[in-house]
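# Fold and contact review
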Amino acid sequence: MRIDVISLFPEFIAQCAAFGVVGRAGERGLLALHGWNPRDYAEGNYRRVDERPFGGGPGMVMLIEPLRASLKAAREADPRPAKVIYLSPQGAPLTQAKVRELAARERLILLCGRYEGVDERLIQAEVDEEISIGDYVLSGGELAAAVVVDAVARLQDGALNDAESAVQDSFEDGLLDCPHYTRPVEHELGDVPAVLMSGNHAEIARWRRMQSLGRTWQRRADLIDEASLSKADRKLLDTYRAQLNGEGDETPDATPAQSGPKSRNC
Ligand SMILES: C[S@@+](CC[C@H](N)C(=O)[O-])C[C@H]1O[C@@H](n2cnc3c(N)ncnc32)[C@H](O)[C@@H]1O
């Protein structure tokens, strides 16, 4: 997959993409990241990329032409068609489903705004989609672009050492992931739930599913409402709730019975 990023600070995204899974995806040839700086396409001695907004008011607005020329250069650098995404707080919220959709494409061009944003005419003419990474305002689109690059890169075939781990992540099946434990089994912060040490794969799968349902219900009730739970899932969730109310034998949350950490309910 190829991702082109149009940004006044393209090195910023290159830095973010240099480590861990994303860095490895690059090394393995699964992701090619290219930066384009609109300043390189700006004219005049000062290479201006911004101007004051018409109608007055604070801040500056990114000029059409340097961005348009950068987009043209990025498009022409590869014959495959590219979807142009403007990172914007006004865009559709980024979800794992959207990440999967983007990850399946051969090419993306990410446009990062700065200042008050980009001249609206450029957005109307050149942008296919606007994406937001949350209901807050960043000073630039670079962090948002880095988020998209990371989320998309890790879904490329061969990027993760164990592809199964992505399938089990939060949101993949509409639920949050179950809690995870590793060595040591016993610790002053609590013990590992006994079922995980049992070697009984069916029981472990059942426990994990119950934890996943339970924490989604506790932390993200909106997701539970949207998920179409099977009869078996509903039963597991009922068991989880009953245990939470002290009505069952099993430990309800990831919290070990004796001395474990407190669960963080939302
Ligand atoms: C200071 S913001 C401009 C905000 C704009 N005036 C508004 O209120 O919609 C500068 C740039 O940061 C990026 N940005 C800010 N918040 C973002 C978010 N939540 N998601 C994605 N990009 C964001 C956009 O590229 C935007 O053009």
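Reading guide: rules and limits
- Sequence order as written defines the numbering, with residues in each chain counted from 1.
- Reporting of local features is limited, given that this is a predicted model, to residues whose pLDDT is at least 70; pairs of side-chain atoms are given and counted only at 80 or more, and all residues count toward the totals for whole chains, interfaces and linings.
- UniProt positions are given in the numbering used here, feature names are shortened, and annotations may be inferred rather than shown by experiment.
- The helix and strand labels rest on DSSP assignments: H or I over at least four residues marks a helix, E over at least two residues marks a strand, and numbering proceeds from the N terminus.
- Buried residues are those with 20 or more other C-beta atoms within 10 Å of their own C-beta, exposed residues have 12 or fewer, and partly exposed residues lie in between; C-beta atoms are placed from the backbone.
- Whether two residues are in contact is decided by their C-beta atoms, placed from the backbone, lying within 7 Å.
- The source of the domain bounds is an automatic or database domain assignment.
- We treat two strands as partners when DSSP finds at least two bridges between them.
- Confidence scores per residue from the predictor, reported as pLDDT, run from 0 to 100.
- Put plainly, near means the residue's C-beta atom, positioned from the backbone, lies within 6 Å of the molecule or strand in question.
- When residue character is reported, Ala, Val, Leu, Ile, Met, Phe, Trp, Tyr, Cys and Pro are called nonpolar, Asp, Glu, Lys and Arg charged, and the others, Gly included, polar.
- We call a set of buried Ala, Val, Leu, Ile, Met, Phe, Trp, Tyr and Cys residues a nonpolar core when their C-beta atoms link them within 7 Å.
- Multiplying 1.5 Å by the helix residue count minus one yields the expected span of that helix.
- To obtain an axis, a line is fitted to C-alpha atoms, over the contacting stretch when the element is a helix, and the angle between two such axes runs from 0 to 180 degrees between their N-to-C directions.
- Any angle from 65 to 115 degrees is called roughly perpendicular, while one under 35 is roughly parallel, one over 145 is roughly antiparallel, and all others are oblique.

### With respect to the UniProt feature "binding site: S-adenosyl-L-methionine" (unreviewed entry) in the chain
The feature "binding site: S-adenosyl-L-methionine" (unreviewed entry), as given by UniProt, occupies Gly113, Ile133, Gly134, Asp135, Tyr136, Val137 and Leu138 in the numbering adopted here. Examined against the element boundaries, Ile133 turns out to sit in the loop between strand E7 (129-132) and helix H6 (142-153). Given 20 C-beta atoms within a 10 Å radius, Ile133 is considered buried. Apart from the residues within four sequence positions on either side, Ile133 is in contact with Leu94, Ala144 and Val147. The residue Val137 is located in the loop between E7 and H6 in this model.

### Notes on the domain arrangement of the chain
Accessible area lost upon the coming together of the parts serves often as the stated size of an interface. Domains assigned within the chain are domain 1 (2-164) and domain 2 (168-244). Taking the mean C-alpha position of each, domain 1 and domain 2 sit 36 Å from one another.

### Description of the pairing of strand E1 (residues 2-6)
For E1, the buried fraction is high: four of the five residues fall into the buried class. Relative to strand E2 (residues 32-36), E1 runs parallel, the two being bridged by five bridges. From the neighbouring strand, Ile6 faces E2, where its bridge partner is Trp36. Where E1 meets strand E6 (residues 107-112), five bridges bridge the pair, whose relative direction is parallel. Counted as the bridge partner of Arg2 is Arg107 from E6.

### Describing the confidence of the model for the chain
Confidence along the chain averages 93 in pLDDT terms, with 93% of residues attaining 70 or more. With pLDDT under 50 throughout, residues 255-266 is counted as low confidence; its partners more than four residues away or in other chains account for 20 contacts.

### Section: the site of the ligand
Near the ligand, the surroundings consist of 20 residues, among which Leu87, Pro89, Gly113, Gly141 and Ala144 are the closest. Ranked by residues supplied to the shell around the ligand, first place goes to strand E5 (residues 83-93) with four residues. Across the shell around the ligand, the residue classes break down as nine nonpolar, nine polar and two charged.

### Side note on the nonpolar core
Core analysis: the biggest nonpolar cluster contains 41 residues, and Ile6, Leu87, Leu110, Ala145 and Val149 have the highest contact counts within it. Among the elements that take part in this core, H6 stands out by supplying seven residues, more than any other. Of all hydrophobic cores here, the second largest spans eight residues; its members include Trp207, Met210, Leu236 and Tyr240.

### Some words on helix H8 (residues 201-219)
For H8, built from 19 residues, the straight-helix expectation of 27 Å at 1.5 Å per residue is met to within 8% by its first-to-last C-alpha distance of 26 Å. Trp207, Met210, Gln211, Ser212, Leu213, Gly214, Arg215, Thr216 and Trp217 are the residues of H8 that are buried. Contacts made by the buried residues of H8 are with helix H9 (221-226) and helix H10 (231-244).

### Some points on the packing of helix H4 (residues 96-103) against H6
Axis separation between H4 and H6 bottoms out at 9 Å; the angle between their running directions is 75°. The orientation of H4 with respect to H6, classified from their angle, is roughly perpendicular. Here Val99, Leu102 and Ala103 of H4 lie close against H6, whose contacting residues are Val148, Ala151 and Val152. Looking at side-chain class alone, the contact of H4 with H6 contains six nonpolar, no polar and no charged residues.

### Overview of the packing of H8 against H10
Contact geometry of H8 with H10 gives a least axis separation of 9 Å together with a crossing angle of 70°. Considered as vectors, H8 and H10 are oriented roughly perpendicular to each other. The residues of H10 that touch H8, namely those facing Arg209, Met210, Leu213, Gly214 and Trp217, are Asp233, Leu236, Leu237, Thr239 and Tyr240. A breakdown of the residues in the contact of H8 with H10 according to their chemical character gives six nonpolar, two polar and two charged.

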